[in-house]
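# Results of the structural survey
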Amino acid sequence: MALTREFLKEHGLSDEQITSVMTEHGKTVSDLKNDVQSLTSERDSLKERVTDRDKQLEDLKKSAGDSEELQNQIKQLQDDNKAASKDYEAKLAKQAKEFKIQNALRDANAKNVTAVQALLKADDITIGDDGKLNGFDNQLEAIKKDNAFLFEDEKAHQNGRIVVGAGLGNDNGKEASKDPIISKIAERMANE
């Protein structure tokens, strides 16, 4: 579900509060877009390198004739090219797995994705043919059990609404923060 101004307005936030929430949300979305753009650029750069090497190999084959030394150089370049291609594929697979793990951690309400990801044994997690993470759920449950403070309190989310201050040892959410916007949101929600 996309976070929209209408959604926030329906939940009783003022225009000022909506602007503040949307600004922070925009920063998060922007960071994710930058990550995707960076990975795409790196992938395209690696593809271009492979294409350039293939062209060099073809040019060498044409000019080499029967020369044994040039044939050996071509074979060496071909072997290097195959190794570079395997390395490139491995890097792409690793990046794809890392991206899936980070998304799964966000979906699991991790407060700090990087901190929780550091606790995972990434080598024990694989991506199945169905595109799902295998070996992730068991590790996540163990981390949640031992480090519950790293995750948003599920009680904080009720019917799609966030209860400010939930999980902070304060059931009414009135003193959740000294931030005036958060305080106003908590006050309004407490009065509803």
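The structure displayed is predicted, hence computed values, not measured ones.

Rules behind the numbers
Residues numbered from 1 in each chain as written. Predicted model: local features only at pLDDT ≥ 70, side-chain atom pairs only at ≥ 80, totals over all residues. Heavy atoms only, no water. Helix = DSSP H or I, 4+ residues; strand = E, 2+ residues; numbered from the N terminus. Buried < 20%, exposed > 50% of the residue type's maximum accessible area, 1.4 Å probe, protein only. Polar contact = N/O pair within 3.5 Å; in protein donor to acceptor, adjacent residues only side chain to side chain. Contact = heavy atoms within 4.5 Å. pLDDT = per-residue confidence, 0-100. Core = buried A, V, L, I, M, F, W, Y, C linked by side-chain atoms within 4.5 Å. Expected span 1.5 Å × (residues − 1). Salt bridge = Lys/Arg side-chain N within 4 Å of Asp/Glu carboxyl O.

Residue placement: Asn81 occurs in helix 3 (residues 68-107). Residue Asn81 is classed as buried on the basis of its relative accessible area, which comes to 6%. Here the side chain of Asn81 touches Asp54 through a polar contact of 2.4 Å, side chain to side chain. With residues near it in sequence (within four places) discarded, Asn81 still touches Val50, Arg53, Asp54 and Leu57.

Here Glu152 lies in the loop between helix 5 (136-146) and strand 3 (157-158). Separated by 43 residues in the primary sequence, Glu152 and Asn109 have C-alpha atoms spaced 5.3 Å apart.

Per-residue confidence for the chain averages 79 on the pLDDT scale, and 77% of its residues sit at or above 70. Confidence scores differ between elements of the chain, with strand 3 showing the lowest mean pLDDT of 50 and helix 5 the highest of 91. Counting contacts from residues 163-177, a segment whose pLDDT is below 50, to residues more than four positions away or on other chains yields 24 contacts.

As a rule of thumb, soluble globular proteins bury nonpolar side chains together. Membership of the largest hydrophobic core comes to 15 residues, with the highest contact counts inside it found for Ile101, Leu105, Val116, Leu120, Phe136 and Phe151. The set of elements that each furnish at least two residues to this core consists of helix 3, helix 4 (113-119) and helix 5. Ranked by size, the runner-up nonpolar core spans five residues in total, among them Phe7, Leu8, Leu13 and Met22.

Bringing the environment of Glu6 into the picture now. Residue position: Glu6 is located in helix 1 (residues 5-10). A relative accessible area of 53% places Glu6 in the exposed class. Residues Glu6 and Ile18 lie twelve residues apart in sequence; the distance between their C-alpha atoms is 9.2 Å.

With that out of the way, let us pick up unusual backbone geometry. The residue Asn109 is not glycine, and still its phi comes out positive at about 65°. With respect to the helices and strands, the residue Asn109 is situated in the loop between helix 3 and helix 4.

Counting along an α-helix, one turn takes 3.6 residues, and residues three or four places apart therefore face a common direction. In this model helix 3 runs 58 Å from its N-terminal to its C-terminal C-alpha over 40 residues, within 8% of the 58 Å that 1.5 Å per residue would give. Where helix 3 is concerned, the buried positions are Ile74, Asn81, Tyr88, Lys97, Ile101, Gln102, Ala104 and Leu105. Note on helix 3: the residue one or two positions beyond its end, Asn109, has a positive phi of about 65°.

Glancing now at the pattern of salt bridges. Under the definition given, this model contains five salt bridges. Close ionic contact of Arg43 with Asp44 constitutes a salt bridge, the shortest N to O distance being 2.9 Å. Across the pair Lys91 and Asp87 runs a salt bridge whose closest N-O atoms are separated by 3.7 Å. In this pair, Lys91 and Asp87 both sit in helix 3, four residues apart, roughly one turn of the helix.

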